[in-house]
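# Coordinates in review
Listed below, chain by chain, are the residues.
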Amino acid sequence: MTVAAEGSPPLRMAGARRNPLLQSEAVQGFALISPTFVYALILLVLPILVVIAHSFWTQNYLTIDHTFTLENYRIALTEPIYRDLLWRSLYISLTVSLLTVALAYPIAYFISFHGGRHKSLWLFLITIPFWTSYLLRVMSWKVILGYNGVLNSGLMGLGIISEPSDALLYNSTAVIITLTHAWATFAILPIFVSLEKVDRTLVEAATDLGDGPLRSFLRVTLPLSAPGVISAALIVMIPTVGDYVTPKLVGGKDGVMIANAIQAQFGKASNWPLGAALSVTTMIIVSLMAGATVLIIRALQRLAR
Amino acid sequence: MTATRRFLPGWLSSYATLYILFLYLPVIFLPIFSINTAATPKFPLSGITLHWYEDLPKTPALIDATWNSLIVGVSASILSTVLGILAARSITRYRYPGRRAINGLIMAPLVLPEVIVAISMLLVMLQLGLSLSLFTVVLGHVLICIPYSMTVLTSGFEGFDRSLEEASADLGESAFGTFRRVTLPMVAPAIISSLLVCFTISLDEFIIAFFLTGTEATLPIYIWGQLRFAAKLPGVLALGTLLLLASFVLMTIAEILRRRAARRTQNEGGLHA
């Protein structure tokens, strides 16, 4: 979604302007953005720095001990409960981003290449469900997958199963299904944007030179749309690692994720430093995973060419 | 090969239809079970009733939550749109070192786990001695609304014909006069669209409100509290249906306005770009 903001550079002043004027342009531009910039510094950068600082401290009941220690990280990385939660969160978010991107690509392709006059209508149709409350979308999956839920009563009505199955809800599969649904729109839009930028004459050229539709897709369209695939994967992967609502509502015991543990440290367990260390660890691991994803997709892109 | 060409779109369009169904399926169950007489959401419906809707205005906690959500939504959307206008104008109009980095920082909340954004703000606010209230929720919502506001506004500001502003200045308008009489009318639809988008996001936002609110509940927090009681489910579904309608209407207006803004400045983009 940053594409629109970064896509086209601002209009340059026509002709050559002298340096002092350019400088005053720069000063004006910076002055104009500074309130927003300062807001982001105070409410985003400062808080994250405070979290990082806390992760190196310890807590005795209500007082924070400011002595530097790595104890919290030792707990976060070696205690089985946190290690398992981290692994599960990573596994779930990786599966969800793979699924969402794989399911979204054909839709983005269809809209971009065969949408015709109805492109904007298709896009609008896709964005609507995203604008309904996240909480309620998760809730409706609970209604669908529950013991007395729509799917169970439907399957029983059709005679496929004789008694309701409790295997549908309260596990990591339920979390994966719900998240895949919740993030679909976010995956379609960036892929669509990059497919729109694919030069159609290149596809034609490939076909003219004897490539079949599949080959020209694999060697021209797919590699050229890699930037969209990358942003789609990241836009889904990073937030889903830290999802709180979905595991809480449909995850049950087997679907608990790291965000639930972080919340517990700031709530009931009241161990802020440990919560901070878990947050920092999650952010670092997510960044590593995101970086790896970018590298892998770029490598595949080069292979395809 | 022409056969595959013809076959492919057909196959793709049925996939697209199925996919749209998958997207809408869970959403459709909200209104359906909100008019069911039984409290358990299962088929077949035991009867049709509107009494879950009739109960809504009789719940004082819900009325309070609605007011709180409106206050937070209006404040957050105005604040984030003002900050968004400044930033979007600066990004699209000026060129200076560090422009991309600053833009990246402002857009960052879009790709950070919300829980982490929420708890880090919570820590700072507690350290600063701010007591948690609707005000702190507004501060948090502004932060996560700015990226959306920026996206809508940059698409409205980009491709904006600067010669119009220059002409106005040449004809003797002051800088403020030019902004009010030339720039503002051109970008007004984008601004209204940004207000609506931010309001909708704030209205639906749960995690940040959950961490940053004191005793006052917003609508999603009220809903969260109700979800624990199975018997309250139909009421929640009725409320959800109404919220769904509100979001849908607001977003449709926002999208129409955004397109009008984009057409005025001969530029396409925005939420879809």
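Residues numbered from 1 in each chain as written. Chains lettered and ligands numbered in written order. Predicted model: local features only at pLDDT ≥ 70, side-chain atom pairs only at ≥ 80, totals over all residues.

### Quick notes on the overall build of chain B
In terms of regular secondary structure, chain B is built from 11 helices and 0 strands. Written out in order from the N terminus, the α and β elements of chain B read α-α-α-α-α-α-α-α-α-α-α. Referenced to the eigenvectors of the C-alpha coordinate spread, the extents of chain B come out at roughly 70 × 70 × 30 Å. For chain B, with 273 residues in total, the buried portion stands at 48%. Pairs at least 24 apart in sequence give 80% of the contacts found in chain B among residues at least 6 apart. (Helix = DSSP H or I, 4+ residues; strand = E, 2+ residues; numbered from the N terminus. Buried ≥ 20, exposed ≤ 12 C-beta atoms within 10 Å, placed from the backbone. Contact = placed C-beta atoms within 7 Å.)

### A word on the overall build of chain A
A tally of helices and strands in chain A yields 15 helices and 2 strands. In terms of principal-axis extent, the alpha carbons of chain A reach across some 70 × 65 × 35 Å. Per-residue burial over chain A gives 44% buried out of 305 residues. Sequence-distant contacts in chain A: of pairs separated by 6 or more residues, those separated by 24 or more amount to 73%.

### Some remarks on the confidence of the model for chain A
Confidence in the prediction of chain A, expressed as mean pLDDT, is 84, and 92% of residues score 70 or more. Segment residues 1-18 of chain A: pLDDT under 50, and 28 contacts once partners within four positions in sequence are set aside and those in other chains are kept. (pLDDT = per-residue confidence, 0-100.)

### Structural notes on the interface of chain B and chain A
Counting from both sides, the interface comprises 86 residues of chain B and, opposite them, 82 residues of chain A. Looking at the side of chain B that touches chain A, the elements that each hand over two or more residues are α1 (2-34), α3 (60-93), α4 (99-107), α5 (114-127), α6 (134-157), α8 (175-204), α10 (219-226) and α11 (233-264) of chain B. No other element matches the 18 residues that α1 of chain B contributes to the side of chain B that touches chain A. The residue inventory of the side of chain B that touches chain A, partitioned by class, reads 58 nonpolar, 17 polar and 11 charged. (Nonpolar A, V, L, I, M, F, W, Y, C, P; charged D, E, K, R; others polar.)

### Observations concerning the packing of helix α7 (residues 162-170) of chain B against α8 of chain B
Axis angle and axis distance: for two packed helices, these are the angle between their axes and the distance between the axes, and together they describe the pair. All names here are of chain B. Interhelical geometry of α7 versus α8 gives an angle of 140 degrees and a closest axis separation of 10 Å. In terms of orientation, α7 and α8 fall into the oblique class. Crossing angle aside, the handedness with which α7 passes α8 is right-handed. Where α7 abuts α8, its residues Leu 164, Glu 165, Ser 168 and Ala 169 lie against Thr 178, Val 182 and Thr 183. Class assignment for the residues of the contact of α7 with α8 results in 3 nonpolar, 3 polar and 1 charged. (Axes fitted to C-alpha atoms, helices over the stretch in contact; angles between N-to-C directions. Parallel < 35°, antiparallel > 145°, perpendicular 65-115°, else oblique. Left-handed = near helix turned anticlockwise from the far one by under 90°.)

### Let's talk about the packing of helix α4 (residues 80-114) of chain A against helix α12 (residues 226-241) of chain A
All names here are of chain A. Between α4 and α12, the least distance of the axes is 8 Å, while the angle of their chain directions is 145 degrees. By crossing handedness, the relation of α4 to α12 is classed as right-handed. Of the residues in α12, those touching α4 at Ser 89, Leu 90, Ile 92, Ser 93, Leu 94, Val 96, Ser 97, Thr 100, Val 101 and Ala 104 are Val 229, Ala 232, Ala 233, Val 236, Met 237, Thr 240 and Val 241. Classifying every residue of the contact of α4 with α12 gives 12 nonpolar, 5 polar and no charged.

### Comments concerning the confidence of the model for chain B
All names here are of chain B. Per-chain confidence: chain B averages 84 in pLDDT, with 92% of residues scoring 70 or above. Counting contacts from residues 267-273, a segment whose pLDDT is below 50, to residues more than four positions away or on other chains yields 25 contacts. Complex prediction metrics read pTM 0.83 and ipTM 0.82.

### Observations concerning the environment of Asp 204 of chain B
One can find Asp 204 of chain B in helix α8. Residues Asp 204 of chain B and Leu 219 of chain B, spaced 15 residues apart in sequence, show a C-alpha to C-alpha distance of 7.8 Å. When neighbours within four sequence positions are excluded, Asp 204 of chain B is seen to be in contact with Ser 133 and Tyr 134 of chain A together with Pro 220 and Ser 247 of chain B.

### Side note on the nonpolar core
Taken as a class, soluble globular proteins show a tendency for nonpolar side chains to be buried jointly. Judged by nonpolar contacts, the single largest core of 159 residues is most densely connected at Ala 104, Ala 108, Ala 187, Ile 188 and Ile 191 of chain A together with Ala 118 of chain B. Looking at this core, the element that brings in the most residues is α6 of chain B, giving 14 residues. (Core = buried A, V, L, I, M, F, W, Y, C linked by C-beta atoms within 7 Å.)

### Comments concerning unusual backbone geometry
One non-glycine residue, Tyr 170 of chain A, lies in positive phi territory at about 60 degrees. Within the secondary structure, Tyr 170 of chain A sits in the loop between α7 (150-157) and α8 (172-182).

### Thoughts on the environment of Ala 76 of chain A
All names here are of chain A. Structurally, Ala 76 can be placed in helix α3 (residues 71-78). For the pair Ala 76 and Leu 274, spaced 198 residues apart in sequence, the C-alpha to C-alpha distance is 7.4 Å. Ignoring any residue separated from it by four or fewer positions in sequence, one finds Ala 76 in contact with Tyr 82, Ala 277, Leu 278 and Thr 281.

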